[in-house]
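# Inside the fold
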Amino acid sequence: MTSRGVATAGLACLLACGPGETATEPAPGSTAVQASTVTVTRLGPVADGSVEDGSTVIDRSVVQTLHVPSFEDRGVIEFDLRRLTGSVRRATLILPVFNAKGPYPFRIDVYGYQANGVLEIQDWGRGVLIKSFQYAGASEVRLDVTSKVARMRQAGASGAGFVFRFAVPSDINLNGPYLAFGSMEYRPAARLRIETE
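Summarised in this report is the structure supplied together with it. (Residues numbered from 1 in each chain as written. Predicted model: local features only at pLDDT ≥ 70, side-chain atom pairs only at ≥ 80, totals over all residues. Heavy atoms only, no water.)

## Quick word on the overall build of the protein
Broken down by element type, the protein carries two helices and 13 strands. For the protein, buried positions account for 47% of its 197 residues. For the protein, the exposed surface amounts to about 9500 Å²; the carbon and sulfur share of it is 51%. (Helix = DSSP H or I, 4+ residues; strand = E, 2+ residues; numbered from the N terminus. Buried < 20%, exposed > 50% of the residue type's maximum accessible area, 1.4 Å probe, protein only. Areas by Shrake-Rupley, 256 points an atom, 1.4 Å probe, with all protein chains shown as cover.)

## Observations regarding the environment of R89
With respect to the helices and strands, the residue R89 is situated in strand 7 (residues 88-101). The spacing of R89 and T196 is 107 residues in sequence and 5.3 Å in space, taken between C-alpha atoms.

## Topic: the side chain of R165
Assignment of secondary structure puts R165 in strand 11 (residues 159-166). The buried charged residue R165 lacks any salt bridge partner; its closest oppositely charged side chain belongs to E72, at an N-O distance of 5.9 Å. With residues up to four places along the chain from it excluded, the contact list for R165 reads T65, R74, R107, I108, D109, Y111, W124, G125 and R126. (Lys, Arg positive; Asp, Glu negative; His and termini not counted. Salt bridge = Lys/Arg side-chain N within 4 Å of Asp/Glu carboxyl O. Contact = heavy atoms within 4.5 Å.)

## Some details on the pattern of salt bridges
Side chains that differ in sign of charge can pair as their charged atoms come close. Applying the stated rule across the entire model yields 10 salt bridges. Across the salt bridge formed by E120 and R126, the nearest N and O atoms sit 2.9 Å from each other. Here R193 and E195 are joined by a salt bridge, their closest N and O atoms 2.8 Å apart. For R193, a relative accessible area of 21% gives the class partly exposed. Exposure remark for E195: the relative accessible area of 10% places this residue in the buried category. A single network of salt bridges, built from pairs that share partners, joins R90, R193 and E195.

## Points about the environment of R151
Locating R151 in the fold gives a position in helix 2 (residues 146-154). Separated by 37 residues in sequence, R151 and Q114 have C-alpha atoms that sit 9.9 Å apart.

## Some thoughts on unusual backbone geometry
Glycine aside, residues mostly have negative phi angles, and peptide bonds mostly take the trans form. Cis rather than trans, the peptide bond between Y104 and P105 has omega equal to -10°. Mapped onto the fold, P105 is located in the loop between strand 7 and strand 8 (106-114). Omega for the peptide link from R187 to P188 comes to 5°, which places this bond in the cis form. Residue placement: P188 occurs in the loop between strand 12 (178-181) and strand 13 (191-196). The backbone of R60 sits at a positive phi, close to 55°, despite the residue not being glycine. Within the element layout of this structure, R60 appears in the loop between strand 4 (56-59) and strand 5 (63-68).

## Side note on the packing of aromatic side chains
Under the definition given, this model contains seven aromatic pairs. For the ring pair Y104 and Y135, a centre distance of 5.7 Å and an interplane angle of 75° mean the geometry is edge-to-face. Note that Y104 is positioned in the loop between strand 7 and strand 8 and Y135 in strand 9 (residues 128-135), a separation of 31 residues in sequence. Residue classification places Y104 among the partly exposed residues on the basis of a relative accessible area of 37%. Judged by centre distance (5.6 Å) and plane angle (40°), the ring pair of F106 and Y135 falls under tilted. Note that F106 is positioned in strand 8 and Y135 in strand 9, a separation of 29 residues in sequence. For the pair F106 and Y135, one class covers both residues: buried. Among the aromatic residues, those joined into a ring-pair cluster are Y104, F106, Y135 and F166. A cation over an aromatic ring shows up here: R74 above the ring of W124, its NZ or CZ 3.8 Å from the ring centre. For the cation-ring pair, R165 lies above Y111, with the distance from its terminal atom to the ring centre recorded as 3.7 Å. (Phe/Tyr/Trp six-rings, centres within 6.5 Å; stacked < 30°, edge-to-face > 60°. Lys NZ or Arg CZ within 6 Å of the ring centre and 35° of its normal.)

What follows is the structure, encoded as structure tokens:
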């Protein structure tokens, strides 16, 4: 098989693989005889939900983020990294939007941390700011989290966690803006797509 045929077969496998499955394809610019390969792993969450006001876990619901005068919800998603092999080349957090309300746009801050696979009150304050994004009504949000996931892997973390917070609280008390991502119970859930080699 030519290197083009191998690449085409690898692409077909990538497109056919379902959540949690792994596909291997030659690294860009490689030929069929080179040993370097890229493994694509799609991880589903092991824990997701929200923490309200730093005191209440909201599980078996959507991953909701809002901050109005009367309360705040921070969305939390955790992934298990233990089955990964090799070094992280790219990591993309794929977040299907379950529901949202404006006024748009608003900014969401994303914090990353080494996760333990359990949604708990302590997740409220975990993480360091890794990224912010403007949300204006899209049906899906994709975020490049390569740097943070690679550092967590290098540090030996067994899990990667992400907390979503409103960057600027809303002054609308009733029916204020919010962003809710799909969850394990309200599918489609978030995915973490990781390329390793």
